[in-house]
Amino acid sequence: MSAAPAYSEDKGGSAGPGEPEYGHDPASGGIFSSDYKRHDDLKEMLDTNKDSLKLEAMKRIVAMIARGKNASDLFPAVVKNVACKNIEVKKLVYVYLVRYAEEQQDLALLSISTFQRGLKDPNQLIRASALRVLSSIRVPIIVPIMMLAIKEAASDMSPYVRKTAAHAIPKLYSLDSDQKDQLIEVIEKLLADKTTLVAGSVVMAFEEVCPERIDLIHKNYRKLCNLLIDVEEWGQVVIISMLTRYARTQFLSPTQNESLLEENAEKAFYGSEEEEAKGAGSEDAAAAALPARKPYVMDPDHRLLLRNTKPLLQSRSAAVVMAVAQLYFHLAPKAEVGVIAKALVRLLRSHSEVQYVVLQNVATMSIKRRGMFEPYLKSFYIRSTDPTQIKILKVTCRVTEGFLCHIPQTYIRSMDKDFVAATIQAIGRCATNIGRVRDTCLNGLVQLLSNRDELVVAESVVVIKKLLQMQPAQHGEIIKHLAKLTDNIQVPMARASILWLIGEYCEHVPRIAPDVLRKMAKSFTTEEDIVKLQVINLAAKLYLTNSKQTKLLTQYVLSLAKYDQNYDIRDRARFTRQLIVPSEQGGALSRHAKKLFLAPKPAPVLESSFKDRDHFQLGSLSHLLNAKATGYQELPDWPEEAPDPSVRNVEVPEWTKCSNREKRKEKEKPFYSDSEGESGPTESADSDPESESESDSKSSSESGSGESSSESDNEDQDEDEEKVRGSESEQSEEDGEKRKTKKKVPEGKGEASSSDEGSDSSSSSSESEMTSESEEEQLERASWRKTPPSSKSAPAPKEISLLDLEDFNPPSVQPVSPPAIVSTSLAADLEGLTLTDSTLVPSLLSPVSGVGRQELLHRVAGEGLAVDYTFSRQPFSGDPHMVSVHIHFSNSSDTPIKGLHLGTSKLPAGISIQEFPEIESLAPGESATAVMGINFCDSTQAANFQLCTQTRQFYVSIQPPVGELMAPVFMSENEFKKEQGKLMGMNEITEKLMLPDTCRSDHIVVQKVTTTANLGRVPCGTSDEYRFAGRTLTSGSLVLLTLDARPAGAAQLTVNSEKMVIGTMLVKDVIQALTQ
Amino acid sequence: MIHRQKIGLQLSYPSPLSLKCYHEGPPLFVIEFLHRVWTHFRFDYFGVCSEPVIKDNVVVVYEVLEEMLDNGFPLATESNILKELIKPPTILRTVVNTITGSTNVGDQLPTGQLSVVPWRRTGVKYTNNEAYFDVIEEIDAIIDKSGSTITAEIQGVIDACVKLTGMPDLTLSFMNPRLLDDVSFHPCVRFKRWESERILSFIPPDGNFRLLSYHVSAQNLVAIPVYVKHNISFRDSSSLGRFEITVGPKQTMGKTIEGVTVTSQMPKGVLNMSLTPSQGTHTFDPVTKMLSWDVGKINPQKLPSLKGTMSLQAGASKPDENPTINLQFKIQQLAISGLKVNRLDMYGEKYKPFKGIKYMTKAGKFQVRT
């Protein structure tokens, strides 16, 4: 290249301080003689025996080449030094040779013998560099020598030489493409190489020479997948892009089932809102049509590729990350593509040129898969230091993701005007693409019209104009608004646009249009030319539609225009007049004037410039330029039928194993991707549990979804979705199973951890097929599934407790045998009768009252005194807010117990106790009952108190089940519904449950509910609905319980209560009681 | 100019490195390669990567590129290997070379090229065995007019300088690895280990390298260590505008904020500014309209401020947008995300290395909208 003279002088001065006699300025050579002399110097230097002089000369020659000077006449002198011992001289001679050999072919042949000798050198470095230079010399005569050298090097001991051989292949191919067949043989041989060093280079050669020979890859596919992580970064990029193409030809589309949906989604995106709604409908239809298709099973090799490339998303190299991203985008099932978003967003923090490329790709991706980048919205915020290109791309990405609904004022005020314009246009696109934000966008744009910046106003008017053109029916208001703005807006372009709009849609604003014309006529002479033209236009259109009002105005405007300074305007005026005003000669034309002026104009299409890019492979140069670059290969479409997968089976499956053992021996320590590098059986054993557990968790989630959907019919919308997902997970389940049987991996982890799987998603996410949304769902289901086991485990201890009441301390509420209830409740009834109360009436309605006896003090701990308690469910005589508790004392010791009473109690705030009268003496073997009242203050906190005898004090506590904190209320169905209506929203708790066969009958359901909670049944019209009502004792807030049972056993439990804690606990208890 | 079939690399004006690409290929591949070249020139060979330097060292550039590229395909790009192939020019070596006649070019194939750890050269020997790790975090933030944070995130890197004899195998563990939201590794880090145990296990390259870069997500609350109080106003009628900014510390965990620099791109209408800083120095370039104020250390007792007036172009309407303030600062001994290295262990070698960890927080793209 041309060097600045100043520099070359500089260089000349510093070039040869050691050899002042040769220190001529090489570039001052305007004079031929000095030029000639200089080359003489160099020749002399090259001919000496001193290495240092030779080196100096070579350095200067290379510097000459670098500056674009012709040094070809030195060729004979230089080529002699090719056998020089000094390695630096040698290398520089190589540089020279590679540059000039093509020009001086005959002389270049002199050096060939040296290289041929070099190819036999014991030092692998020399062998490699000899091959490198030999193959770089573009002399057609030596093609056979090169071919031979490459073939030999391809079976060299040293992998480094083999790598060089791989590099030499494309060089020879570009020199002589007739050698292709022989080269392919070499490539085939090198593809079988097992070292990571060679893999990248040979795939590069493959891509250059014979990308169409996909059959060469079959046998090496699995090996390449497994080696991938250890290949150097550049090789990774090449291999990944090759494998992307390979996978596209060999595997079935994982999205074939979703492709229908995708189409719909896309339509909905680009269509209007109504279409969106329709799209949802047809999605359902498509989903319904799906089961008819053959279920898709992902090829295990396909899965292998996806799994082995995923860790590379963590690579430091942007190129590798991008390569993996495009691989996932083109190959992975839709649900898995999400994982690349994070890595791509990371690249956005890199250098601006990387940002530029990545943003282009992100823009395309987000058009095809909207929502992928939604969690990373903040990374698309714009900084004032971003280059304009990056800013525009960021806005584009945000628009396609649908983020940019309101107009960020900061962006509009930015000093970067290109960016401002792009932002406004982007808002326009946003409005066209997403129906629901159209109004917001329009409003925002209208507000922008009052901006002081000419550019902003003009740009907004233009965008508004385009938007309005698309929806001519609904925008009368905005046109009116725009018409009002004509008084204020001074920007000619904007005024012109407004006038055009009014003219075009004058039928929608029949009153305002003539008025605007009147105003414009008044100020006609002072307007800019562009505005004047539009005034004429408006006048003409109005004349045609509303000639009565505007005839005179139009004529006035036309005569004004007739004498305008600008001939363009005069012409237009004349032309318009001839057209619209009927005259004798021009009658034929004026008849069609209306058609001419008011023809419907097609709405402009506002589309992102990234829309048409998606047919290029992502991450490619062609995609970046949006034009086909030379050598671009189309990404093939998925095949309809999968080609035979057995071609990838390697005949001798042992080789991988052996080779890896060898490799391991070579390695001093277990290393990086050891397990990854081990292909074949070891590898799969290593990674399979992961995928297995994944498929297991999926199958469980699927069965969970099945359950819930059969339980409730009002889940219709979800159901279809689930069907799709269900079929999907079925496939992968099968897939997983297939692998399981194939590879005989010990099972176990999957089932056990299936419920943990969701929560531990960070570790399993590598394989998780779910999007975050569905993961949540999965979590939900997992927690759902957790409940039945706990309720299942509960009955066991209870059964025991029934058998052995005395020794076992039951942890929870349990029914007691009928006789006990009768006796105690009878006593309580009698007591209660003395104080007849209105609340007693509903209490009679509750069929069963009281819960089983609970132990307060065990006889061993109480030294012979055993104390039980029951909740009698009778109103407590002294205080209606108190829960009455019956305490049963029995003396099993052989001495009488005296002076039983309550001691001081430490109670939580709000809880109070009404003591029972002291029992003076309890003879051995006798028992007594006392009634005490406890105000639990509507909480399930335990009341702790002391139970004292004359000699001892016992600390005891009573914790009420939540069902005992309320009293039944009697109300009619209508009242119930009315009250329920008041307690919606947060106060409503709904759960779904499955009624076991044993409690499907009315009687049992009612009994179970009323046993659990002290509620009164509300009469109900329908047979499978049960309603119960009650009030909490302390605060008197209503508790309404509805059980909606369906014939199949599915049921829905709803509790409405102001006290949300009570409501939640009640739901839990009732469900437990019902599902036992 | 070096011309290759696939990647044409041009060393000329206007930027030191520019490139022509003639053939289909991943653009990021090329960009990434250029960045590597730049890094090697900048850090391993010349200290700076500028046009004059490349012109002065054109031979070394040729030699290096010759090793890095073969027929347009990258060959040796690991700095350890390259340095073995082509020794970086130092004054001492130049002197020695002219006396002994030896060269900068190594004559043995770097063993790393062939080994399973291609990034590490073999036969490393040091008398002092040391491993230093710098945890450097950068805060990228956009603060709006009222001082509330629009977006803030932390980018962190762990740069290492490892000078250890032999083939050490290191593990580095964190107190709180869950903080790291998104990570990318040097190829030496064993990915599986990180996935399963959240431990960095690696055989380090020799010398300086970037072990890890990470990101702490915007979801975690990012402590913003400084605040900027600003009062910048233009008036429509007058040709003078007011300008006043004060910088103060906020949530610094008791550390001092150093190296504070404030830069701001003024609107075109600003002709000149007459400002007085309470500390530090400031400059205003009337051509580029760039104001920069080198504040230095922030003393919490006496907050640095910059006050004065702007003279505006007469007759021009007031600028639409107030200038955005860009902030640079440094806080030593603090990783703002709270990331802490738990321990560093070495296996595979007998000696006891000296270990050191340094934390630092810097401003990345830290902008305050006014």
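Here the structure is shown first, and the text comes after it.
What comes next is a walk through the structure.

Cut-offs applied
- Residues numbered from 1 in each chain as written.
- Chains lettered and ligands numbered in written order.
- Predicted model: local features only at pLDDT ≥ 70, side-chain atom pairs only at ≥ 80, totals over all residues.
- Heavy atoms only, no water.
- Helix = DSSP H or I, 4+ residues; strand = E, 2+ residues; numbered from the N terminus.
- Contact = heavy atoms within 4.5 Å.
- Areas by Shrake-Rupley, 256 points an atom, 1.4 Å probe, with all protein chains shown as cover.
- Pairing = 2+ DSSP bridges.
- Axes fitted to C-alpha atoms, helices over the stretch in contact; angles between N-to-C directions.
- Parallel < 35°, antiparallel > 145°, perpendicular 65-115°, else oblique.
- Nonpolar A, V, L, I, M, F, W, Y, C, P; charged D, E, K, R; others polar.
- Core = buried A, V, L, I, M, F, W, Y, C linked by side-chain atoms within 4.5 Å.
- Buried < 20%, exposed > 50% of the residue type's maximum accessible area, 1.4 Å probe, protein only.

## Quick look at the overall build of chain A
Part 1 of the argument: Within chain A, the regular secondary structure consists of 46 helices and 15 strands.
Part 2 of the argument: Residue pairs in contact within chain A that sit at least 24 positions apart in sequence constitute 68% of those at least 6 positions apart.
Part 3 of the argument: Within the structure as shown, chain A displays about 48000 Å² of accessible surface, and the carbon and sulfur contribution to it stands at 53%.

## Some details on the sheet that holds strand β14 (residues 270-277) of chain B
Residues and elements named next belong to chain B.
Part 1 of the argument: The four strands are arranged β11-β12-β17-β14 in an open sheet whose pairing can be described as antiparallel. Looking at strand neighbours, the two that pair on one side only are β11 (226-234) and β14, the edges of this open sheet. Taken over all neighbouring pairs, the strand axes of this sheet differ in orientation by 15° on average, direction set aside.
Part 2 of the argument: As paired elements, β11 and strand β12 (residues 240-249) share nine bridges and run antiparallel to each other. Considered in β12, the bridge of His230 is made with Ile245.

## Let's talk about the packing of helix α13 (residues 233-250) of chain A against helix α17 (residues 318-331) of chain A
Residues and elements named next belong to chain A.
Part 1 of the argument: Contact geometry for α13 and α17: axes closest at 9 Å, N-to-C directions at 10°. If you check the angle between α13 and α17, you find them roughly parallel. Here Glu233, Gln236, Val237, Ile240, Ser241, Leu243, Thr244, Ala247 and Arg248 of α13 lie close against α17, whose contacting residues are Ala319, Val320, Ala323, Val324, Gln326, Leu327, His330 and Leu331.
Part 2 of the argument: Across the contact of α13 with α17, the residue classes tally to ten nonpolar, five polar and two charged.

## Some thoughts on the nonpolar core
The tendency in soluble globular proteins is for nonpolar side chains to be buried as a group.
Part 1 of the argument: Among the nonpolar cores identified, the biggest contains 163 residues, and Ile61(A), Tyr96(A), Ile340(A), Leu344(A) and Met365(A) are the most heavily contacted of them.
Part 2 of the argument: In terms of residue count, the dominant contributor to this core is α17(A) (twelve residues).
Part 3 of the argument: When residues no more than four places from it in sequence are discounted, the contact partners of Ile61(A) are Leu42(A), Leu46(A), Ala71(A), Leu74(A), Val78(A) and Tyr96(A).
Part 4 of the argument: By size, the runner-up hydrophobic cluster in this structure holds 74 residues, among which are Leu172(B), Val189(B), Phe202(B) and Ile203(B).

## Focus: unusual backbone geometry
Residues and elements named next belong to chain B.
Part 1 of the argument: A positive phi angle, close to 60°, is found at Arg198, a residue other than glycine.
Part 2 of the argument: The topology assignment puts Arg198 in the loop between α6 (191-197) and β9 (199-202).
Part 3 of the argument: For Arg198, a relative accessible area of 19% gives the class buried.
Part 4 of the argument: At Gln333, a residue that is not glycine, the phi angle is positive and equals roughly 60°.
Part 5 of the argument: Looking at the secondary structure, you find Gln333 in the loop between β18 (325-332) and β19 (341-347).
Part 6 of the argument: Overall, Gln333 belongs to the partly exposed group, its relative accessible area being 46%.

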